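Reading the structure
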Amino acid sequence: MTPSSRSFRGPFKETFVEIIWDDANRIAHETSYPDRPLFAFAKEFDWDRIKKRKDIEHRDVPERSQALVAWRIYDPPPIIFVAYCKVNGHLKIISIRYANAQERRFFYG
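Computed from a predicted structure; not experimentally measured.

With that settled, the discussion passes to the environment of Asn-88. Topologically, Asn-88 is positioned in the loop between strand 5 (79-87) and strand 6 (90-98). Classification of Asn-88 as exposed rests on a relative accessible area of 72%. Put simply, Asn-88 and Lys-52 are 36 residues apart on the chain and 19 Å apart in space, counted from C-alpha to C-alpha.

This brings us to the environment of Phe-8. Relative to the helices and strands, Phe-8 is located in the segment before strand 1 (9-12). In this structure Phe-8 comes out as buried when scored by relative accessible area, which is 2%. C-alpha of Phe-8 to C-alpha of Arg-53: the two residues are 45 residues apart in sequence and 5.0 Å apart in space. Other than its neighbours up to four places away in sequence, Phe-8 contacts Lys-51, Lys-52, Arg-53, Gln-66, Ala-67, Leu-68, Phe-81 and Phe-106.

Calculation criteria
Residues numbered from 1 in each chain as written. Predicted model: local features only at pLDDT ≥ 70, side-chain atom pairs only at ≥ 80, totals over all residues. Heavy atoms only, no water. Helix = DSSP H or I, 4+ residues; strand = E, 2+ residues; numbered from the N terminus. Buried < 20%, exposed > 50% of the residue type's maximum accessible area, 1.4 Å probe, protein only. Contact = heavy atoms within 4.5 Å.

Set out below in structure tokens:
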């Protein structure tokens, strides 16, 4: 089930101390989904203008969010879907994938 992108809000500026991840989770994702961007690339994303929402698939974790964010590697930039938690100023990346067509239209719309 793909949630509607209309529930994303923004643009927002996501401020943080640093971007981190759990290495076991990163390895599992990067091994299972070799066509997705690497977690380390999140440090290159434009976090100054994101669209985000609470993670509707994990409502039991209040600090967990989902965001659409641009990856400034060329123009127009690809849009990336990121699941993350923000705890004590740290952005902990949980999952990364390229945004689907509906999410891209919403981000640029």
